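Examination of the molecular architecture
Listed below, chain by chain, are the residues.
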2 protein chains.
Amino acid sequence: MQMTAPAEAVTGPRVPLTRQRVLQAAVRIADKTGIESLTMRRLGEEVGAEAMSLYYHVAKKDDVLDGIADVVAEEINEAAERVESTGDWKTVTRGRILAARAVMLRHPWAPAVFETRTTTSPAVLRYYDRLVGLLREGGFSNDLIHRALHALGSRALGFTQELFDPEAGAGEDSDAAALVENLPSLASMMAEIAHDDPTSTLGWCDAQAEFEFALDLLLDGLDRVRTSN
Amino acid sequence: MQMTAPAEAVTGPRVPLTRQRVLQAAVRIADKTGIESLTMRRLGEEVGAEAMSLYYHVAKKDDVLDGIADVVAEEINEAAERVESTGDWKTVTRGRILAARAVMLRHPWAPAVFETRTTTSPAVLRYYDRLVGLLREGGFSNDLIHRALHALGSRALGFTQELFDPEAGAGEDSDAAALVENLPSLASMMAEIAHDDPTSTLGWCDAQAEFEFALDLLLDGLDRVRTSN
DNA sequence: ACCTGAACACCGTTCAAGT
DNA sequence: ACCTGAACACCGTTCAAGT
């Protein structure tokens, strides 16, 4: 029932599968059609093999998910190493985090996968190790570094969980009158914000600007605590 | 194959199912045995009916998940309404967020469910509406409120995504020597932190203290921006 | 050493049929 | 109006068997 040739068949004669090739194929699938479309059968198809063959190279599906999280984290480390590392801790840290965010934006499924991992990927550990080193050089105590890691949380890796999409509350299906009545504060806030910033590319709020605002709030706050001790 | 009587059978003769009772049963299962054990068949068992009967009261499993997210959000709203509402915006907001966190700690599966919802629960919208109102009364511009919501993110509802559990990197399986070599900064930070705070109930870091530290960092930062405009 | 076919247990979900 | 039995499509995973 394979309608199209497997994505790798064109590259030549059958080359044996490896864990790396399986993981790269998994990333390709998640990028193209979303993480929910990543099944072992679909993955087998992508590499031109039966699903059962995958178990020779990975332990189980969770192993695939651990693997693609690590692949993304590696990509983040590479991007972070490319940012200018001279300057004060805040500039460098800020640059590295925004580089991480750029990678995350290319893999929108990655946050969800990171969140479900029970063990931390080695590449993520290396990313945090470097972050700790930067803060240390910047004059942070180990205690404050520890608090900083918690305060930044996933933001250190370039993403945040948006629990609440204001637009969802104001969808076309919910009439404006009911909104004003049930959620008056939200309604008045949105009424004022909605028409601001026509240059925003992301609808009524510019996620990039919001991310940077929150990041600076935290970095400035940490700097203040650092110098006050 | 039902080994034990359904949890509700003891309460008397068969009472017709309702959406509310289904959702409460689902919360009970998630609390007791984890969200991954919540299947439609298991849920049917819990309410003393066949899995197929559930579809008369809920549209599909996603509807159940939407529903239990809303149940938890209602619980948060009730807890938040119980906190003292007199005082400056920061005190009240802080109190409400910590009340939300207390609810979340009773439902450890809730963050994961919130994160996978595509539409925002009505109760969550009401929670945020109240938060917006508090900030407005506290003298925030709508623009700054909007930024504050993004900056707080899920923290406004009492939880944060911990991507990185430092203990995971120092598990018993990884020997200390390798850790020091591969992750030197992390290793030295942990060496110093690990012996601090013997009163901490949560292992080597006290999640509650870290949560409050980060929360105050944000609230103080927002207050500073508010007054500087 | 690497891959596959057949099979199993377990999902969510549909639908005609029961009371 | 409410519930159920049988069935379907689709998972992850195992394992004996192929080359």
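The structure under discussion appears in the preceding block.
Described below are features of the structure shown in this document. Only a predicted model underlies this, so the values are computations on that prediction, with no experimental measurement involved. (Residues numbered from 1 in each chain as written. Chains lettered and ligands numbered in written order. Predicted model: local features only at pLDDT ≥ 70, side-chain atom pairs only at ≥ 80, totals over all residues. Heavy atoms only, no water.)

**Points about the overall build of chain A**
Applicable threshold: Under the scheme used here, helices are H or I runs from DSSP no shorter than 4 residues and strands are E runs no shorter than 2 residues, and both carry numbers assigned from the N terminus. The cut-offs for exposure are 20% and 50% of the maximum accessible area for each residue type, with area from a 1.4 Å probe on protein chains only; residues under the lower value are buried, those over the upper are exposed, and the others partly exposed. Should any heavy atoms of two residues lie within 4.5 Å, those residues are considered in contact. Here the Shrake-Rupley method, with its probe set to 1.4 Å, supplies the accessible areas, and only the displayed protein chains count as covering residues.
A count of helical and extended segments in chain A gives 12 helices and 0 strands. The helix and strand sequence of chain A, counted from the amino end, reads α-α-α-α-α-α-α-α-α-α-α-α. Split into buried and exposed, the 229 residues of chain A put 50% on the buried side. Long-range contacts, defined as pairs at least 24 residues apart, comprise 70% of the intrachain contacts of chain A with a sequence gap of at least 6. Total accessible area computed for chain A in this model is approximately 11,400 Å², and 54% of it derives from carbon and sulfur atoms.

**Some words on the pattern of salt bridges**
Residue and element names in this part refer to chain A. Put simply, the rule reads: Throughout this description, the term salt bridge denotes a Lys or Arg side-chain nitrogen within 4 Å of a carboxyl oxygen of Asp or Glu.
Per the stated rule, a full pass over the model turns up 28 salt bridges over all chains. With a shortest N-O distance of 2.8 Å, Arg-117 and Asp-62 are connected by a salt bridge. You can see Arg-117 sitting in the loop between helix H6 (110–116) and helix H7 (122–137) and its partner Asp-62 sitting in helix H4 (residues 61–81), a full 55 residues away along the chain. Residue Arg-117 is classed as buried on the basis of its relative accessible area of 15%. Residue class for Asp-62 comes out partly exposed when judged on its relative accessible area of 38%. For Arg-94, the salt bridge identified is with Glu-212, shortest N-O distance 3.2 Å.

**So, the relation of the copies chain A and chain B**
Here is the rule: Here the copies were fitted onto each other by least squares, based on C-alpha atoms from residues at pLDDT of at least 70 in both.
Superposing chain A onto chain B takes a rotation of 180° plus a shift of 0.0 Å along the axis, which leaves an RMSD of 0.0 Å. Within this description, the copies of the chain are treated as partners about a two-fold rotation axis. Both copies share a contact surface, since 100% of the interface residues of chain A are interface residues in chain B too.

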